[in-house]
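Observations on the three-dimensional arrangement
If you want the building blocks of each chain, they are given just below.
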Amino acid sequence: MSVKSIAVLTSGGDSQGMNAAVRAVVRSAIVHNLEVYGIQRGYQGLLNDDIRKMDLRSVGDIIQRGGTILQTARCLEFQTEEGQKRGAENLRKRGIDSLVVIGGDGSYQGAYKLSKLGIRTMGLPGTIDNDIAYTDFTIGFDTAVSIVVDAVNKLRDTMTSHERSSVVEVMGRHCGDIALYSGLACGAETILVPEVPYELDEVAHRMKENFDNGKRHSIIIAAEGVGKCDDIAAYIHKVNGIEPRVTVLGHIQRGGTPTHNDRILASRLGDFAVRRLLAGDSGKACGVIRGELVATDFEKVVGTKKEFDIELYNLALRLSQ
Ligand code: ADP
Ligand code: F6P
């Protein structure tokens, strides 16, 4: 059976570049003479039948925008078998045979279930966390890291003036990649991630030693997955007498204009997903590994922990004397 009609939705936490991905899916589908539909608010919109036809102009002027024009939601009802069946039915009754889901691991689980119900599905990794296996990078990660780097540059100015320490909490849920990449790029003294055990006493002693040896500031980047930064700062203060200031960057990391890397990644992946569907693929997550576009079975991807780049972590540590 050939593909006639594709729908696209964004789901889970939004990320910069989701719009570029929606644009790529819509335009690539139209180029291939397919009908294309946008589903509003992720799986919630699928259940509410909040589905509209898209044309070339529906995705004009969005490649540079953060957020998602399709909006996103977290939908508990879709986690039930009944919800998934209703979702598949809502697509079928409009003659939609294929679906591109842009989101994280949870969204992929939903897409996997729909593929088992006979809807042809492809997933695109849309999350700032970079926590999806079988892709080197997710859409939004590059932008989130640049936002952290920009913020830490600013913090550095005031820290150096006052010879202070800062603990900066970054997002990533259970994944330390935002902390790792931004930490390396900022020259952070310490990077705390859930993937690598650490001793706070050691961190505190090293900080004191570095200040004694002429360092004029100290930056600790902590992934949210390691715990509360206020507690980390309080502990360090107790051990070495230095009182770090705490900055929680929060949702600022998820907004703003996507970097060119995220726009290009999103454009390549969106077009690839459509081409894979046309070639008869389904039930797969699209990604990029060492620059090559790949499509991997959802079965392998969902619930799989992405490998942490320990070499990059060790490099950051070596350079942060
Ligand atoms: P992300 O996709 O960023 O990981 P969530 O984990 O919140 O974000 O998942 C997004 C949505 O995907 C959920 O609100 C739900 O509708 C759907 N989803 C998550 N897990 C499942 C599951 N096991 N089965 C079906 N749908 C799921
Ligand atoms: O998955 C993206 C993410 O921003 C995580 O980094 C963070 O833990 C979570 O979403 C925050 O979720 P919410 O937007 O519901 O506060």
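Let us look at the structure shown here. (Residues numbered from 1 in each chain as written. Chains lettered and ligands numbered in written order. Predicted model: local features only at pLDDT ≥ 70, side-chain atom pairs only at ≥ 80, totals over all residues. Heavy atoms only, no water.)

A separate point is the sheet that holds strand S1 (residues 5-10). Strand order in the open sheet formed by seven strands is S3-S2-S1-S4-S5-S10-S11, with mixed pairing between adjacent strands. The outermost strands of the open sheet, each flanked by one partner alone, are strand S3 (51-53) and strand S11 (292-297). In this sheet, adjacent strand axes meet at a mean angle of 25° when their direction is disregarded. (Pairing = 2+ DSSP bridges. Helix = DSSP H or I, 4+ residues; strand = E, 2+ residues; numbered from the N terminus. Axes fitted to C-alpha atoms, helices over the stretch in contact; angles between N-to-C directions.)

All residues in the neighbourhood of ligand 2 are listed as Arg74, Ile128, Asp129, Met171, Gly172, Arg173, Glu224, His251 and Arg254. At a separation of 2.7 Å, an oxygen atom of ligand 2 approaches a polar side-chain atom of Arg74. Contacts to ligand 2 include His251, whose side-chain N or O atom sits 2.9 Å from an oxygen atom. By residue class, the composition of the shell around ligand 2 is two nonpolar, two polar and five charged. Mapping the shell around ligand 2 onto the domain boundaries places at least three of its residues in each of domain 1 (5-140 + 258-301) and domain 2 (142-255). (Near = heavy atom within 4 Å. Polar contact = N/O pair within 3.5 Å; in protein donor to acceptor, adjacent residues only side chain to side chain. Nonpolar A, V, L, I, M, F, W, Y, C, P; charged D, E, K, R; others polar. Domains from an automatic or database assignment.)

Attention now moves to the environment of Gly118. Residue position: Gly118 is located in the loop between helix H4 (105-116) and strand S5 (120-125). Given a relative accessible area of 52%, Gly118 falls into the exposed group. Along the chain, Gly118 and His251 lie 133 residues apart, while their C-alpha atoms are 36 Å from each other. (Buried < 20%, exposed > 50% of the residue type's maximum accessible area, 1.4 Å probe, protein only.)

A separate point is the side chain of Gln40. Note on placement: Gln40 falls in the loop between strand S2 (35-39) and helix H2 (42-47). For Gln40, a relative accessible area of 11% corresponds to the buried category. From its side chain, Gln40 meets the backbone oxygen of Leu70 in a polar contact 3.4 Å long. A polar contact of 3.1 Å, which involves the side chain of Gln40, links it to the side chain of Gln71. For Gln40, the contacting residues outside a window of four places in its chain are Gly45, Leu46, Asp50, Arg52, Ile69, Leu70 and Gln71. (Contact = heavy atoms within 4.5 Å.)

Okay, the sheet that holds strand S9 (residues 245-248) next. On the basis of which strands lie adjacent, the open sheet formed by four strands has the order S7-S8-S6-S9 and parallel pairing. Every interior strand has two partners, whereas the edge strands, strand S7 (190-192) and S9, have only one. Ignoring strand direction, the axes of neighbouring strands in this sheet form an average angle of 20°. When S7 meets strand S8 (residues 218-223), the two strands line up parallel, connected through three bridges. Residue pairing in the sheet places Thr190 in a bridge with Ile220 of S8. Seen against the sheet, helix H5 (residues 141-162) touches strand S6 (165-170), S8 and S9 and runs at an angle of roughly 165° to S6.

The next point concerns the site of ligand 1. Neighbouring residues of ligand 1: 16 residues in total, closest Arg74, Cys75, Gly104, Ser107 and Lys113. Between ligand 1 and the protein, one listed contact pairs an oxygen atom with a backbone N or O atom of Cys75 at 2.6 Å. Gly104 is positioned such that a nitrogen or oxygen atom in its backbone is 3.0 Å from an oxygen atom of ligand 1. Computed on the free molecule, ligand 1 has an accessible area of 550 Å², of which 84% lies beneath the protein chains in the complex. Of the residues forming the shell around ligand 1, the biggest block, six residues, is contributed by H4. Classifying every residue of the shell around ligand 1 gives three nonpolar, ten polar and three charged. (Areas by Shrake-Rupley, 256 points an atom, 1.4 Å probe, with all protein chains shown as cover.)

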